[in-house]
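# Descriptive analysis of the structure
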Amino acid sequence: MFDTPKIISLKSPSLNIAVHDTGDAHSETAAPKPVLFFVHGLVLNAQLWKYAVQHLMPDFRCIAIDLPGHGHSWEQRGDFSMSFYAQVLRSTIEEMHLTDITLVGHSMGGQIAVITALQIPAVVNRLVLVSSAGIETFSDSEALKIIQGAEFLYKTPADINAIVGMYTPHFSMHADRVRELADDHILQSTERFSSFSEMIIASIKGMLKEPVLNFLPHLHQPVLIIYGENDRLIPNKWVHPMLSIQQVEETAKKRIVNSKSKLIPSAGHYLPFEVPAVFEDCVRQFWLGSEN
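Attention in this report is confined to the structure presented alongside it. Quantities reported herein were computed from a predicted structural model and do not represent experimental measurements.

A separate point is the overall build of the protein. A tally of helices and strands in the protein yields 10 helices and eight strands. Expected size for 292 residues packed as a compact globule is a radius of gyration near 19 Å; at 18 Å, the protein falls within 12% of this value. Along the longest, intermediate and shortest principal axes, the C-alpha atoms of the protein span 55 × 40 × 35 Å. Burial statistics for the protein: of 292 residues in total, 55% are counted as buried. Excluding contacts between residues fewer than 6 apart, the proportion of contacts in the protein whose partners are at least 24 apart in sequence is 76%. When the accessible surface of the protein is split by element, carbon and sulfur atoms take 52% of a total near 12600 Å².

Okay, helix H5 (residues 160–167) next. Looking only at H5, the buried set comprises Ile163, Val164 and Tyr167. For H5, the arc enclosing every buried residue in end-on projection is 95°, short of the 170-degree limit, so these residues lie on one face. Contacts from the buried residues of H5 go to helix H6 (178–191).

This model, assessed by the stated rule, comprises 10 salt bridges. Its salt-bridge partner being lysine 6, residue aspartate 21 comes within 3.0 Å of it at the nearest N-O pair. Taken together, the residues span a long stretch of sequence, with aspartate 21 in strand E2 (residues 16–21) and lysine 6 in strand E1 (residues 6–9) at a distance of 15 residues. For aspartate 21, a relative accessible area of 14% puts it in the buried group. Note that arginine 126 is salt-bridged to aspartate 100, the shortest N-O span being 3.5 Å. On the criterion of sequence distance, the pair formed by arginine 126 in strand E6 (residues 124–130) and aspartate 100 in the loop between helix H2 (82–95) and strand E5 (101–106) is long-range, its members being 26 residues apart. Under the relative-accessibility criterion, arginine 126 is labelled buried at 6%. By relative accessible area, which is 38% here, aspartate 100 ends up partly exposed.

This brings us to unusual backbone geometry. Along the chain, serine 12 connects to proline 13 via a cis peptide bond; the corresponding omega equals -5°. Inspection of the secondary structure puts proline 13 in the loop between E1 and E2. The residue after isoleucine 234, namely proline 235, is reached through a cis peptide bond having omega -5°. Note on placement: proline 235 falls in the loop between strand E7 (223–228) and helix H8 (245–255). One non-glycine residue, valine 43, adopts positive backbone phi at about 65°. In this fold, valine 43 is placed in the loop between strand E3 (35–39) and helix H1 (50–56). What makes valine 43 buried here is its relative accessible area of 9%. In this model, serine 266 sits at a positive phi of 55°, which is unusual for a non-glycine residue. Here serine 266 lies in the loop between strand E8 (259–264) and helix H9 (271–274). The class for serine 266 is partly exposed, based on a relative accessible area of 38%.

Criteria and cut-off values
Residues numbered from 1 in each chain as written. Predicted model: local features only at pLDDT ≥ 70, side-chain atom pairs only at ≥ 80, totals over all residues. Heavy atoms only, no water. Helix = DSSP H or I, 4+ residues; strand = E, 2+ residues; numbered from the N terminus. Rg over C-alpha atoms; globule rule 2.2 N^0.38 Å. Buried < 20%, exposed > 50% of the residue type's maximum accessible area, 1.4 Å probe, protein only. Contact = heavy atoms within 4.5 Å. Areas by Shrake-Rupley, 256 points an atom, 1.4 Å probe, with all protein chains shown as cover. Arc of directions from axis to C-beta. Salt bridge = Lys/Arg side-chain N within 4 Å of Asp/Glu carboxyl O.

This is how it looks when you write it as structure tokens:
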């Protein structure tokens, strides 16, 4: 699935976006498979979902986008705001003529997925938020501190060991997969550093400018909220050392009318990559429950 993506030409914005699609082969007598549409987080790409998709693809059509500036869409540019990413997502869904989809967003992708689900509720019938950003909010001074930290961190290229070292603490399980997840980050940081750094900093600014906490009560689709108990990126321990992942999860659950939440033991921020079978079971049970 992830070796050769389709390229979808969008009209607005005018971009060529890479999409990884398991397809929807079915006989004339069988119903089409339900669609799961996956949206990765910052500095990642569709590879985040590869192990989970292996579990899900027998019963679902699995589609995973490479957002602009990421993966096979790395050349595609924009202002990298959350609204820009959401526009790309809407246009991709429209170009693919998709309806009745379950939108699954990880980290920054969860923030984008919330905005998209609110904009096209007739198309996005279910929402899965995985390690979602945009729920934890920041004061102006906290946001400035985060931006200054990002600008310092990404002012010079890091070597391979340093990049792998950035990912390693976030894996509670399957540490052998760290390099596999970090490979695109390594490639972009070493070969396309200037554009990659620009995208990261602009995206971080976009995340801080467009939190989705106050939008959550307007979601009326069934929503599943999933976090790993050992998430070290959310909440941001640099500026919110006393805030727990349980508090972030509970905040989201209280704000969303029709929601269920799950904390995954022994999983970190990249839980679909770490514990794909557990993630698959959560998604499958949620989808079946929302059908009843």
